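Here is how the chains run, residue by residue.
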Amino acid sequence: MQWLELCIKTSSAGVERVAERLTVIGYDSFIVDDQAEFEAFLEQNRQYWDYVDESLAQQMQGLSQIRLYLEDGPGAMEAVRALEAELALLRRQFPKEDLGTLQIEIANLQDEDWENNWKQHYQPLPIGRRLMVVPQWMDPNQDPDRLPVRLDPGMIFGTGAHASTQMCMEALEEAVSGGETVIDLGSGSGILSITALLLGAATAVGVDIDPKAEDIARENAAYNGIGADRFTAVTGDVISDREMMTRLAAPRYDLVLANIVADVIIPLAPLAPHFLKPGGRFICSGILDRRLPEVQDALDAAGISVVRRWVEVLLPCSYAQYERVKLETEGFGGVIAEADYGADIALTVLLPEERWEDYLAHMLDITAGTVEGMVCGERFQDVPWRAPIEKEE
């Protein structure tokens, strides 16, 4: 089946007026792309991120449009002409309002399985030395030398593709030796709790403020053969709800995880010791380099000392150099977390913070191309983006 995408060019001031008219004349499904709404959404949800990808911000710059879809049949162009007439009428009715050009751009689209097409871009992902994130609809036995972590993230954060998640998973490979108790504050899809349990932790609690995350995390745990006897998913905010914080903190945990953003980790810092057993570890990630001093001050004030910081480096190399690069990386105490294969190989390398500068200098001598660091869309030259920060009470 063929479809027509109609894109109505308007303005931030005119979006609401145009959307209202579309609803009146019978269009009940459409998409609004508007820079002002985008920026307002970011401001209202600052607890979820510290940065916005530059390409996304540029894509939204000056954008105000409404998209809707028509089946490309015999009456399609007649419907387009009727819509053009309605928009012309709208301009005559509100001559003093800024409605934009109200021009309609038309594109042809093939019928596709929109609900499931995204799955083709979500492939098995090796992480660290032992882990493999596998979409739940695929064969989990992708690599006999790696432990499969099966996921269907739905609309919740935590696919394993994000650098901060990968570094937390790498930290869990070292932190979990068997029998630990874990709580993940900001659990999303449940990926970190599930990883800890698969590595040998005894129990885990996942906490998120999004009620959708609770059901999705339980489902993901079930995909991995983990039941309610080992994993508990909870909806709530331990920062604002002290009663909930006290109840969840009562058992104390060997590992407390927080892969969120600085604006959440900072107020969470004074609460972390209440969740930790003596000698327990607090693994937090998602901290941009420019926010690190604030996070460091908050954690220092909470009486938690730094044990280790990790840095991510993106490293291009040729196929012929790969084995040597792998050995050199291991020699610096690092691990290849991910490899993208094309004409050359793009490696994602995780390194202890104290070794990254020596590593980069060494790799510049033996690799082709340019060595660079980049996490969360921010490139660094002299100062790395650091994550996760691992703390000990």
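Let me begin by describing the structure that accompanies this report. (Residues numbered from 1 in each chain as written. Predicted model: local features only at pLDDT ≥ 70, side-chain atom pairs only at ≥ 80, totals over all residues. Heavy atoms only, no water.)

**Describing the nonpolar core**
Move 1: In terms of nonpolar packing, the biggest core is built from 30 residues, with Val-133, Met-169, Leu-172, Phe-231, Leu-255 and Ile-283 touching the most fellow members.
Move 2: Elements represented by at least two residues in this core include exactly strand 5 (125–127), strand 6 (131–135), strand 7 (147–151), helix 5 (163–175), helix 6 (191–199), helix 7 (211–223), strand 10 (231–235) and strand 11 (253–259).
Move 3: Considering every element that reaches this core, the biggest residue donor is helix 6, with six residues.
Move 4: In this structure Leu-172 touches Leu-192, Thr-195, Ala-196, Leu-199, Leu-255, Leu-257 and Ile-283, once residues within four positions along its chain are discounted.
Move 5: With 29 residues, the next largest nonpolar core counts Met-245, Tyr-253, Ala-272 and Leu-276 among its residues. (Core = buried A, V, L, I, M, F, W, Y, C linked by side-chain atoms within 4.5 Å. Buried < 20%, exposed > 50% of the residue type's maximum accessible area, 1.4 Å probe, protein only. Helix = DSSP H or I, 4+ residues; strand = E, 2+ residues; numbered from the N terminus. Contact = heavy atoms within 4.5 Å.)

**Considering the packing of aromatic side chains**
Move 1: Under the counting rule described, the total for this entry stands at one aromatic pair.
Move 2: Relative to Tyr-359, the ring of Phe-332 lies with its centre 5.5 Å away and its plane at 80°, an arrangement referred to as edge-to-face. On the criterion of sequence distance, the pair formed by Phe-332 in the loop between helix 12 (322–331) and strand 14 (335–341) and Tyr-359 in helix 13 (residues 356–366) is long-range, its members being 27 residues apart. Judged on exposure class, the residue Phe-332 and its partner Tyr-359 are both buried.
Move 3: The ring of Phe-94 is capped by Arg-17, whose NZ or CZ atom sits 3.8 Å from the centre of that ring. (Phe/Tyr/Trp six-rings, centres within 6.5 Å; stacked < 30°, edge-to-face > 60°. Lys NZ or Arg CZ within 6 Å of the ring centre and 35° of its normal.)

**A closer look at the sheet that holds strand 5**
Move 1: One open sheet holds the three strands; their spatial order is 5-6-7, and the pairing between them is mixed. What marks the edges here is a single partner per strand, and that holds for strand 5 and strand 7. The mean angle between the axes of side-by-side strands here comes to 30°, regardless of whether they run parallel or antiparallel.
Move 2: Sheet analysis places strand 5 next to strand 6, joined by three bridges and oriented antiparallel. Each residue of the ladder has a partner; that of Leu-125, found in strand 6, is Val-133.
Move 3: The sheet strands contacting helix 6 are strand 6 and strand 7, and the helix crosses strand 7 at an angle near 150°. (Pairing = 2+ DSSP bridges. Axes fitted to C-alpha atoms, helices over the stretch in contact; angles between N-to-C directions.)

**Here's the deal with helix 2 (residues 35–44)**
Move 1: Gln-35, Phe-38 and Leu-42 are the residues of helix 2 that are buried. The buried residues of helix 2 occupy one face: seen down the axis, they fall within an arc of 60°. Seen from the buried face of helix 2, the exposed residues on the opposite side, beyond 90 degrees, are Glu-43 and Gln-44.
Move 2: Between a side-chain oxygen at the N-terminus of helix 2 and the backbone nitrogen of Ala-36 the separation is 3.3 Å; the capping residue is Asp-34. (Arc of directions from axis to C-beta. Polar contact = N/O pair within 3.5 Å; in protein donor to acceptor, adjacent residues only side chain to side chain.)

**Details of the environment of Asp-263**
Move 1: Along the chain, the position of Asp-263 falls in helix 9 (residues 262–268).
Move 2: Owing to a relative accessible area of 30%, Asp-263 belongs among the partly exposed residues under this scheme.
Move 3: Along the backbone, Asp-263 and Arg-291 are 28 residues apart, and their C-alpha atoms lie at a distance of 8.9 Å.
Move 4: A distance of 2.8 Å separates a polar atom in the side chain of Asp-263 from a polar atom in the side chain of Arg-291.

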